Amino acid sequence: MIDFGELLGGTGVWWGQAAAEPRPLVDALLEPGRKRGPLRLFTGLSWNDTLTSVLGDDDEMISYGGLGALRKLGDRLQVVPCHYGAMPRLFAEGHLPADIGLIQVSPPDDDGRCSLGIGSDYMADAAAVTPRLFAEINKQMPAVPGAPSLPLERFAGMVETDRRLANETVREPEDADRRIAAGIAGLIDDGDTLQIGVGAIGAAVLEALVGHRDLGVHTGMVTDGVMRLIDAGVITNAAKPIDRGFCVAGTALGSTELYDRSTELPFRFAATSYTHAPQVLSQISNLVAVNFAIEVDLTGQVGAELSRGNYLGAVGGQVDFARAASYTGKRSVVALRAAVRGRSSIKFVLEEGAVSTGRADVDCVVTEYGVAHLRGQPLAERRRRLIGVAAPEFRDDLARKVAEARNS
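Per chain, residue numbering runs from 1 following the sequence as it is written. Predicted model: local features are reported for residues with pLDDT of at least 70 only, side-chain atom pairs are reported and counted for 80 or more only, and whole-chain, interface and lining totals are derived from all residues. Neither water nor hydrogens contribute to the side-chain values; these are computed over all heavy atoms in the structure.

## Topic: the side chain of Ser326
And step 1. Helix numbering and strand numbering both begin at the N terminus, where a helix is a DSSP run of H or I of at least 4 residues and a strand a DSSP run of E of at least 2. One can find Ser326 in helix α11 (residues 318–327).
And step 2. In what follows, a contact means two residues having at least one pair of non-hydrogen atoms within 4.5 Å. Residues in contact with Ser326, not counting those within four places in the same chain, are Ser332, Ala360, Asp361, Asp363 and Arg375.

Encoded structure:
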């Protein structure tokens with residue numbers, strides 16, 4: 001059993017997310033019966049379904065959103081609403097737990113350095129300010145050229161494994177997703193640089209871009225859809241103003257094939273302090289940001305965190321990219337289905353009360369019923385255009401609410 005030393009109450013521990021989640025270390029840390037005080041814990045997207053049963057009654061589970069298995073924690077999950085690009089600073093200032101870090105890395109190279117491989121993002125930044133690091137050295141974590149790395153002597157303890165990286169399972173895009181994707185594809189020109197969110201709509205958008213040419217990628221997560229467009233000659237990164245020739249991302253989220261090929265594909269994995277930095281994004285003049293929402297109000301405000309009072313999403317990198325794309329780039333796009341479970345997703349006011357992205361950072365809203373172009377439009381015209389892309393059965397009610405508010 002790995003020796004974490006004395007774990008006093010209040011000790012702050014973070015660990016990597018998604019395919020880079022170091023499950024053996026997390027399982028050892030939270031092993032029932034281990035003598036420890038209540039811990040302050042942080043991770044991002046987790047696929048660890050055992051968290052609901054292994055957390056101590058007094059442990060704090062903190063994250064930047066309700067992602068993956070963290071959603072099952074309900075009120076036990078403490079969400080820090082923050083822009084993804086702010087996380088390096090939050091770790092450095094001690095707002096996020098950073099006494100101990102658990103990280104998954106590749107086997108050491110000839111110089112004794114272990115690559116963070118396909119999982120660089122906040123882990124690379126947090127590692128720089130964390131006194132004690134523990135490593136899972138996984139033979140199947142690829143040593144991606146150019147990715148951040150750490151020397152063996154940086155680790156206070158380590159375990160060696162040989163296990164497949166966890167795969168992301170994405171719902172197959174449906175007809176509504178593909179209609180949304182077609183609308184988004186029409187907003188993207190040859191040579192644009194893309195940031196795109198993940199999920200079924202994101203996968204459908206990438207499928208819809210097969211006829212484009214010389215696209216580039218600068219995003220938070222690269223997926224199988226990006227890999228397929230590289231293979232098809234669509235993504236070449238030839239027209240990027242910076243990092244020309246490379247897809248820049250913090251992590252990879254997809255299949256074993258994506259992970260295995262990450263060393264041969266033109267990927268450059270980097271820390272969040274680079275991928276989401278405003279001074280970097282402002283240099284990408286052809287940036288098109290494509291993000292997704294749970295609800296949008298009739299002025300263009302976006303809610304991407306809560307549904308029926310439950311955390312299902314995050315602020316994440318949406319504003320980092322949306323603001324850059326709208327202000328110094330080319331276009332900020334927000335997409336969502338017009339209705340979900342019999343309720344309109346286009347709202348008179350945001351029902352969940354949390355504005356994830358402000359209306360000034362949204363240029364277009366896309367549903368399966370069309371594209372609402374909002375850039376430069378006054379509020380009255382925004383309302384009219386957004387009602388036009390709402391589900392038809394809700395348009396009259398939305399128009400009625402607008403009229404009542406005007407006459408009140």
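## Quick look at unusual backbone geometry
And step 1. Look at Asp214: it is not a glycine, yet its phi comes out positive at around 55°.
And step 2. Topologically, Asp214 is positioned in the loop between α6 (200–208) and β11 (216–217).
And step 3. Accessibility here uses a 1.4 Å probe with only protein chains present; expressed as a share of the type maximum, an area under 20% marks a residue as buried, one over 50% as exposed, and anything in between as partly exposed. Owing to a relative accessible area of 36%, Asp214 belongs among the partly exposed residues under this scheme.
And step 4. Of note in the backbone geometry, Arg341 takes a positive phi value of approximately 50° without being a glycine.

## Digging into helix α5 (residues 175–185)
And step 1. Those residues of α5 that sit buried are Ala176, Asp177, Ile180, Ala181, Ile184 and Ala185.
And step 2. Looking at the buried side of α5, the elements it contacts are α6, β16 (287–292), β21 (331–335) and β25 (364–367).

## Quick notes on the sheet that holds strand β5 (residues 100–105)
And step 1. In space, the seven strands of this open sheet follow the order β4-β3-β2-β1-β5-β7-β9, with parallel pairing throughout. Either end of the sheet is taken by a strand with one partner, and the two such strands are β4 (77–79) and β9 (155–161). Strand-to-strand, the axes of this sheet are offset by a mean angle of 20°, without reference to chain direction.
And step 2. For β5 and strand β7 (residues 132–138), the ladder comprises six bridges, and the chain directions are parallel. Bridge pairing in β7 links Ile100 to Arg132. The criterion for strand pairing is that DSSP finds at least two bridges linking the strands in question. Between the N-to-C directions of two axes lies an angle of 0 to 180 degrees, each axis being a line fitted to C-alpha atoms and, for a helix, fitted only over the stretch in contact.

## Observations concerning the packing of α5 against α6
And step 1. Closest axis-to-axis distance for the α5/α6 pair is 8 Å, and the angle between their directions is 55°. With respect to each other, α5 and α6 are oriented oblique. In this structure, α5 meets α6 at a crossing whose hand is right-handed. Touching Asp177, Arg178, Ile180, Ala181, Ile184 and Ala185 of α5 are Ala200, Ile201, Ala204, Val205, Glu207 and Ala208, all from α6.
And step 2. Residues are grouped as follows: nonpolar covers Ala, Val, Leu, Ile, Met, Phe, Trp, Tyr, Cys and Pro; charged covers Asp, Glu, Lys and Arg; every other residue, Gly included, is treated as polar. Each residue belonging to the contact of α5 with α6 can be placed in one class, and the counts come to nine nonpolar, no polar and three charged. With respect to orientation, any angle under 35 degrees is reported as roughly parallel, any angle over 145 as roughly antiparallel, any angle of 65 to 115 as roughly perpendicular, and every other angle as oblique. Each crossing is labelled by how the near helix is turned from the far one, with a counterclockwise turn of less than a right angle marking it left-handed and a clockwise turn marking it right-handed.

## Topic: the sheet that holds β16
And step 1. The six strands lie next to each other as β11-β10-β16-β21-β25-β26, forming an open sheet whose pairing is mixed. Two strands bound the open sheet, and with one partner strand each, they are β11 and β26 (370–373).
And step 2. Here four bridges tie strand β10 (residues 193–196) to β16, and the two strands are oriented parallel to one another. Looking across to β16, one finds that Gln195 is bridged to Ala289.

## Considerations on the packing of aromatic side chains
And step 1. Aromatic pairs are defined between Phe, Tyr and Trp rings, using the six-membered ring for Trp, whenever the two ring centres lie within 6.5 Å; interplanar angles under 30 degrees are classed as stacked, those over 60 as edge-to-face, and all others as tilted. In the structure shown here, the tally under the stated rule is seven aromatic pairs.
And step 2. Ring geometry for Phe91 against Tyr122: centres 6.1 Å apart, planes inclined by 20°, an arrangement best described as stacked. Separated by 31 residues along the polypeptide, Phe91 in helix α3 (residues 87–92) and Tyr122 in helix α4 (residues 121–127) bring together distant segments of the chain. Like Phe91, the residue Tyr122 is buried in the burial classification.
And step 3. An aromatic cluster is built from Trp14, Phe42, Phe91 and Tyr122, whose rings are joined through pairwise contacts.

## Comments concerning the UniProt feature "domain: Acetyl-CoA hydrolase/transferase N-terminal" (unreviewed entry) in the chain
And step 1. The UniProt record marks residues 76–148 with the feature "domain: Acetyl-CoA hydrolase/transferase N-terminal" (unreviewed entry), using the residue numbering of this structure.
And step 2. Across residues 76–148, the secondary structure splits into 18% helix and 26% strand, with the terminal C-alpha atoms separated by 33 Å. UniProt positions are given in the numbering used here, feature names are shortened, and annotations may be inferred rather than shown by experiment.

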